[in-house]
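# Observations on chain architecture
One letter stands for each residue in the lines below.
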Amino acid sequence: MSRATLAKDPSEVAGMFDAVARRYDLTNDVMSLWQVRMWRAVTRAAVDARPGTRVLDLAAGTGTSSAEYAREGAQVVACDFSTGMVAEGKRRHPEITFVAGDAMALPFADATFDVVTISYGLRNVQDTALALREMARVTRPGGRLVIAEFSTPTWAPFRDLYRFYLGTALPAAGRLVSSNTEAYSYLGESILAWPDQQTLAALIQDCGWSEVGYKNLSGGIVAVHRATRPAQAPAPRP
């Protein structure tokens, strides 16, 4: 079994996702009580993919969201640093372009995309700020960023219950539905260590994005952050 530490060594994290690729989407449905589908719908609305929109879907996994953007007529590139996820995505969605790539060193030219989006993957990147600057680099001036990520519930009693779930119940549930229980121990630990909504918003702005805002989902279990690359300022370099 592959287990990533909170140091988030890229090879460890990639190996962990390689191991769960085939059952990843089903497990996400079960573990979130199917709320992930609502979260994905809100993220899709924020991306607002239209015919001809150039979308980079980072941490694309098996391409579930990428396929939805493609159905809207967008020109989608699905990128993930797990080669297992990329292989499974290509098998399921041969019509979509999949690229194996690291968010900290994206294999794309400057100002390539109209929208860059990442769902539940930024938390796994070793250097968050570097990844956010790379996303700005490959986004055209005036283009947009959409981040869906686990966050911090806003109501204190619910927050305490959620922390118990992440630390105790989630790993136990993972043993029932997943072949890699260590992945779900890491999942809970990484969420607990992740900055809250306001802290992430401030970091996004510090990395060269403007008009930063966010929307809480399911009481703050997930937050969808949105931002714009300034039209006049050059993209910050890593």
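Residues numbered from 1 in each chain as written. Predicted model: local features only at pLDDT ≥ 70, side-chain atom pairs only at ≥ 80, totals over all residues. Heavy atoms only, no water.

### Concerning the overall build of the protein
Counted only if it meets this: The helix count covers DSSP runs of H or I at least four residues long, the strand count covers runs of E at least two residues long, and both are numbered beginning at the N terminus. Burial status follows relative accessibility: with a 1.4 Å probe on protein chains alone, a residue under 20% of its type maximum counts as buried, one over 50% as exposed, and anything between as partly exposed. Note on contacts: a residue pair qualifies if any of its non-hydrogen atoms lie within 4.5 Å across the two residues. What sets the accessible areas is the Shrake-Rupley method with a 1.4 Å probe; for residues, cover comes only from the shown protein chains.
Looking only at helices and strands, the protein features nine helices and seven strands. The buried share of the protein, taken over its 238 residues, is 51%. Considering only contacts in the protein between residues 6 or more positions apart, those separated by 24 or more positions represent 67%. In the form shown here, the protein has an accessible surface area of approximately 10400 Å², with 55% of it arising from carbon and sulfur atoms.

### Description of the sheet that holds strand β2 (residues 75-80)
Spelled out, the test is: Only strands joined by at least two bridges in the DSSP assignment are considered to pair. Whenever a helix is involved, its axis is fitted only over the stretch in contact; in every case the axis is a line through C-alpha atoms, and angles between N-to-C directions fall within 0 to 180 degrees.
Read from one edge to the other, the open sheet built from seven strands follows the order β3-β2-β1-β4-β5-β7-β6, with strand pairing classed as mixed. Here the strands that pair on one side only, and so sit at the sheet edges, are β3 (97-100) and β6 (210-217). With direction set aside, neighbouring strand axes in the sheet form an average angle of 15°. Both β6 and strand β7 (residues 222-228) contribute to a ladder of six bridges, which runs antiparallel. Within β7, the residue paired with Leu217 across the bridge is Val222.

### Details of helix α4 (residues 64-71)
Three or more residues of α4 are buried, namely Ser65, Ser66, Ala67, Glu68 and Tyr69. Buried residues along α4 sit in contact with α3 (35-47), β1 (54-58), β2 and β4 (113-119). Remark: Gly73 follows α4 within two positions and exhibits a positive phi of approximately 95°.

### Brief notes about the pairing of β7
Counting buried residues along β7, six of its seven residues qualify, which places the element largely inside the surrounding structure. Two strands pair when backbone bridges link them, and strand β5 (residues 139-150) and β7 are joined in this way by seven bridges, in the antiparallel orientation. When the bridges of β7 are listed, Ile147 appears paired with His225. In this antiparallel pair of consecutive strands, β6 and β7, the connection spans four residues, and Ser218 shows a positive phi of 50°.

### Some remarks on the side chain of Asn124
Rules: Pairing of N or O atoms within 3.5 Å defines a polar contact, subject to two protein rules: one partner must be a possible hydrogen donor and the other a possible acceptor, and residues neighboring in sequence count only if both atoms are side-chain atoms.
For Asn124, the location among the structural elements is in the loop between β4 and α6 (128-138). According to the relative accessible area criterion, Asn124 is buried, its value standing at 4%. In terms of polar contacts, Asn124 uses its side chain to reach the side chain of Tyr186, at 2.7 Å.

### As for the pattern of salt bridges
Applied cut-off: A pair is scored as a salt bridge if a Lys or Arg side-chain nitrogen falls within 4 Å of a carboxyl oxygen belonging to Asp or Glu.
Across all of its chains, the model carries 10 salt bridges by this definition. With a shortest N-O distance of 2.9 Å, Arg50 and Asp48 are connected by a salt bridge. The exposure class of Asp48 is partly exposed, given its relative accessible area of 32%. We note a salt bridge from Glu88 to Arg91, for which the minimum N-O separation is 2.6 Å. Taken together, the positions of Glu88 and Arg91, both in helix α5 (residues 83-92) and three residues apart, correspond to about one turn of that helix. One salt-bridge network, held together by shared partners, links Arg40, Arg44 and Glu68.

### Here we look at the packing of α3 against α4
The criterion, for reference: An angle counts as roughly parallel when it lies under 35 degrees, as roughly antiparallel when it exceeds 145, as roughly perpendicular when it falls between 65 and 115, and as oblique in every other case. With the far helix as reference, a near helix turned anticlockwise by less than a right angle produces a left-handed crossing, and one turned clockwise produces a right-handed crossing. Think of it as three bins: nonpolar holds Ala, Val, Leu, Ile, Met, Phe, Trp, Tyr, Cys and Pro, charged holds Asp, Glu, Lys and Arg, and polar takes everything else, Gly as well.
For the pair α3 and α4, the least separation of the axes is 11 Å and the interaxial angle reads 45°. Between α3 and α4, the interaxial angle falls into the category oblique. Every pair of crossing elements has a handedness; the one defined by α3 and α4 is right-handed. Facing Arg40, Thr43, Arg44 and Val47 of α3, the residues of α4 in contact are Thr64, Ser65, Glu68 and Tyr69. Among the residues making up the contact of α3 with α4, the classes are represented as two nonpolar, three polar and three charged.

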